[in-house]
Amino acid sequence: MRRPDGHELSLGSADEHDTPAEVDAAFRTLRRVAVGHIAVFTGVIIAVPLLTAALDWWSQGRLFGGMSPMFAMTACGLYAFFFVICLAAATLSNAVEERMLGGPAREAPQDEEGTLPP
Amino acid sequence: MTSIVLLVVLLVAVGSVAVLIRPQRASTFEFYLAGRRVGVVTNACAICGDYFSAASFLGVAAAVYASGLDGMWYATGFAAGFVPVLLFIAAPLRRFGEFSIPDFLGRRLESHSVRLTSVAIVQLIILAYLVPQAVASGIIWELFIGRGIGGLSAYATGVLVSTVVIMLMVALGGMRGTTWTQAVQFLLLLAIFVWLAILVLVSGFSYTDELRELSARPLANPVEAGDSWRLEPVTNRLHPGDPAYFGEPGGQYSQLGQFALILSLALGTAGLPHIMNRYFTSPTGTAARMTTVWVVGLAGLFYILAVLLGTAARAVIRDVAADLPWVAELTTGGILRVPEYALLVLGQIFGGRAGLGLIAVGALVAVLSTIAGLLLASAASWGHDIYERYINPRATQRQALWAGRAAVAVVAVVSAAFALGVRPESLTGLFPSIVATMVTWAFVLAGSALTPVFILAIWWRRTTGPGAVAGMITGAVVAVGMSVTGLLLGDSGYGQVLLTPTVVSAPCAAAVTAAVSLATRPPADLDGIWLRMHGTAADRRAVRLARLTVAGFARRGERR
C-alpha cells in the first residue's frame, strides 16, 4: 500500500519482511541464473552470423524451398529462442524467489480465503 | 480523402481514450506511475506501443526489402534487447521503486551528482529519439495528406498537429491514459500487419518458393546515375569478390558490423528511459519480469510478420511493376527506388487507397505512441528529478503535477522546434531510414552510458556514486566520439563499428565504473538497499493486499 507521494505504508502485524542473509543467498542464486542464461543467449546470438564463415550449408543450404537454415533462424527461430529463454529464466527466477524468500510469513497459518488470523 | 478520415478518427480516438482514462486523483504517483497498478498484458502492449516507432513499423520491412537477410539484423537487435532487460533489470528495478532512471540511480548510489549526470544523459537520449519522431510525423503528413492548415506547409502542419495532440494527451491522461492509448495503438499496428500478411498469403504468395526465386539472382538495387536510375549489383560485404544474394548474409554488413549493430541495439534497450520507466508502473517485481516475457513474445510476432512482408514486397512489387503504371513510376527494373515505401505500396496493391491509408495511419500511430512515451519520460525526469528535488523540494502534489505538465509542454515545443528547423525536402526520400539512424544513436548512447552502470548498480554491491558518474561520462564521450568519427569515415571497413560503437564504449564505461568504484566508498546502508532491491517482501505485501481486497469485495457481495 502506498501514500500519494509513492512511499510504502506498513500493514502492521501482517507486514512481510526478508532477512539480509536470505536476500543475499537468493541474490547469488539469481545472479547465477542470469549469468547462465545470458551466456547461452550470447552464444546463440554470436553463433548465428559466425556459422556463415565456418559452414557453407548454414547460409547456402536449403531447408524448405529457398529458405536456408540461417534465413529460417534469423526470420523466425531467433524470436522463438528469445521467448523460450526469457520464459525459462523468468520461471526459474520466480521459483528461486518463492523458495528462498519469505520464510516465516509464508509458513503462517491461513484460512481458506488466504487471510491471516487476527 | 480516406487518409484524412482515418487520421481524424485516429486522433479523436487517441484523445478520447486518454481523457476518459485519465487519473482521477491529482498526485504525481498517479501522473507518472499510473498508481503502480498496470497489469502484465496491458503493460506489455504499452511497452510495445512505446518501443515500435516508424523505424520498426516501416523500417524493418524496408531493410529486408533492400538487403534481404542482412536487413533482418535491426529486428533481431530490437527484439534481443529485452532479454538482458529481463535477466538483469526488470524485477530489481521495479522492486527498488522510484519514478525514473535518474531517481533510481540517485537513490541506489545515494548521490546527487549521479542523479544530475543521469538526468543530462536521459535528456540527450530522449532528444535523439524524439526529434526524428517529430520529423517523421511531419513527413507522413506531407506524403499522405499533402495539405497544410492556416497557411502552414504540410510538413509543419504534421509536426504541429501531432505535437499538440500528443502533448494534450500526455498532459491530461498522465501515465494511465498514455498506457491505455499505447496498448491500443500497438494492437492496431499488429492488426494491420496481420491483415496485410493474410491478404498476401491468401493471394497465393509462397514464402519459401519466392525466397528461392529471389535468391536465384544476385541482389541489385536502383541507384541514381545523373538524371536516370539503373539497377546496380549490391556489394557483398562478407566476400567482396562475390555477388550478394537476397537470402544470404553480406548484402549490408560485414561480420563485425553485424555484431556491432546487434550489440548496440540489444544493450541500448536497457537504457531507454521511456521503456524503463514503464517498469515502475508494474504492481510487483514478478509482474515486471513476466511483462518482459510477454513483450518478447509480442515483439517476436511483430518482427516475424515485418520480415515476411518485406520479403513479399520484394517479390510482389517486381511481379506487378510491368502491369501497374503507378508502381512502374516508383520502380526501376521492378525494384522500388525508395525501399521505405515497400509496405505502403504493398498496402495499396492489396487494399487499394484504403490499404495505403491504413498503412500510413499505422506509421503515424507508431510515431505518436513513441512520442507520448518519450514526453512522459522527459517530464518525469525534469518534473520529479529536478523540480521536486532541487527547485522546490516543498512542492505540494498540485504544484509537482503542474511542473510535470509544464515539462511535457516545454519538451514537446523544443522537439517540434528542432523538427521544424530540419529541411524535410532533403529527408523525405530517406524516411524512415533517417528515423532508424537517429534512433540507433539513441540506442548507442543509452547502451554505452546507462546500461553498464545500471547493471553494475543492481548486481555489484561495490558500485559507488563517483564510479557511476565516471562510467556514464566515459560511455557517453566514447560513444559520441566514435559515432562522429564513423559519420566522417562512412560505413566501409571499421566505419560500421564506429557508427554502432557500443561494443567498445560499453566495456569502457563498465571498466571505468569498476575502477573508480574500487577507489571510493560505497553507500552506507547497503544491506537496506539490497533488501529493497532484491527482496520480495514488498511484492508479497502487494499480493496479500490484493487478495484481502478481493476477499473483501467477495464478502460484501455475499452479504448483498
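Refer to the preceding data block for the structure.
Residues numbered from 1 in each chain as written. Chains lettered and ligands numbered in written order. Predicted model: local features only at pLDDT ≥ 70, side-chain atom pairs only at ≥ 80, totals over all residues. Heavy atoms only, no water.

Q: Looking at this model, I keep getting lost on the overall build of chain B. Mind explaining?
A: Helices and strands together make up the secondary structure of chain B, namely 22 helices and four strands. Taking 2.2 N^0.38 as the reference for a compact globule, 560 residues should give roughly 24 Å; the C-alpha atoms of chain B span a radius of gyration of 24 Å, in line with that estimate. Dimensions along the principal axes, computed over C-alpha positions, put chain B at roughly 70 × 60 × 50 Å. Partitioning the contacts of chain B with sequence separation of at least 6, the portion at a separation of at least 24 is 82%. Summing over all exposed atoms, chain B offers an accessible surface of approximately 19,500 Å²; the carbon and sulfur share of this is 66%. Here chain B holds 38 positive side-chain charges and 27 negative ones, and the gap between their average locations is 18 Å. (Helix = DSSP H or I, 4+ residues; strand = E, 2+ residues; numbered from the N terminus. Rg over C-alpha atoms; globule rule 2.2 N^0.38 Å. Contact = heavy atoms within 4.5 Å. Areas by Shrake-Rupley, 256 points an atom, 1.4 Å probe, with all protein chains shown as cover. Lys, Arg positive; Asp, Glu negative; His and termini not counted. Charge placed at Lys NZ, Arg CZ, Asp CG, Glu CD.)

Q: Before we go on, may I ask you to explain a nonpolar patch on the surface in this structure?
A: Taken together, Leu51, Leu55, Trp57, Leu63 and Phe64 of chain A make up a surface patch of nonpolar side chains, about 480 Å² in accessible area. Relative to the elements of secondary structure, Trp57 of chain A occurs in helix 2 (residues 56–60). (Patch = residues over 30% accessible without salt bridge, like charges linked within 9 Å, V, L, I, M, F, W, Y side chains within 5 Å. Salt bridge = Lys/Arg side-chain N within 4 Å of Asp/Glu carboxyl O.)

Q: Explain the environment of Gly61 of chain A to me, please; I cannot follow it from the model alone.
A: Here Gly61 of chain A is to be found in the loop between helix 2 and helix 3 (69–100). Not counting residues within four places of it along the chain, the set of residues in contact with Gly61 of chain A comprises Asp56, Met67, Ser68 and Pro69 of chain A.

Q: Could you clarify how one ought to interpret the nonpolar core in this entry?
A: Within soluble globular proteins, side chains that are nonpolar generally end up buried alongside one another. If you look at the biggest cluster of nonpolar residues, it comprises 184 residues, and the most contacted ones within it are Phe82 of chain A together with Phe57, Leu105, Tyr279 and Tyr303 of chain B. With 23 residues, helix 15 (residues 342–391) of chain B is the single largest residue contributor to this core. In this view, Tyr303 of chain B contacts Tyr79 of chain A together with Tyr51, Phe52, Ser56, Val60, Ala75, Phe78 and Ala79 of chain B; residues no more than four positions away in its chain are not counted. In this structure, Val131, Ala134, Ile139 and Val159 of chain B belong to the second largest nonpolar core, which totals eight residues. (Core = buried A, V, L, I, M, F, W, Y, C linked by side-chain atoms within 4.5 Å. Buried < 20%, exposed > 50% of the residue type's maximum accessible area, 1.4 Å probe, protein only.)

Q: Got a minute to help me understand the interface of chain A and chain B in this structure?
A: Where interface size is given, it is often the accessible area lost as the parts come together that is meant. Contacts between chain A and chain B engage 65 residues on the former and 61 residues on the latter. Three residues, Glu16, Phe71 and Tyr79 of chain A, lead the burial of chain A against chain B; their summed loss comes to 13% of the area buried on that side. Our enumeration of links across chain A and chain B arrives at four salt bridges. The closest approach of N and O atoms between Asp18 of chain A and Arg540 of chain B, which form a salt bridge, is 3.0 Å. Breaking the side of chain A that touches chain B down by element, the ones donating at least two residues are helix 1 (20–54), helix 2 and helix 3 of chain A. When the residues that make up the side of chain A that touches chain B are grouped by side-chain class, the tally is 36 nonpolar, 17 polar and twelve charged. (Buried area = accessible area lost by both parts, 1.4 Å probe. Nonpolar A, V, L, I, M, F, W, Y, C, P; charged D, E, K, R; others polar.)

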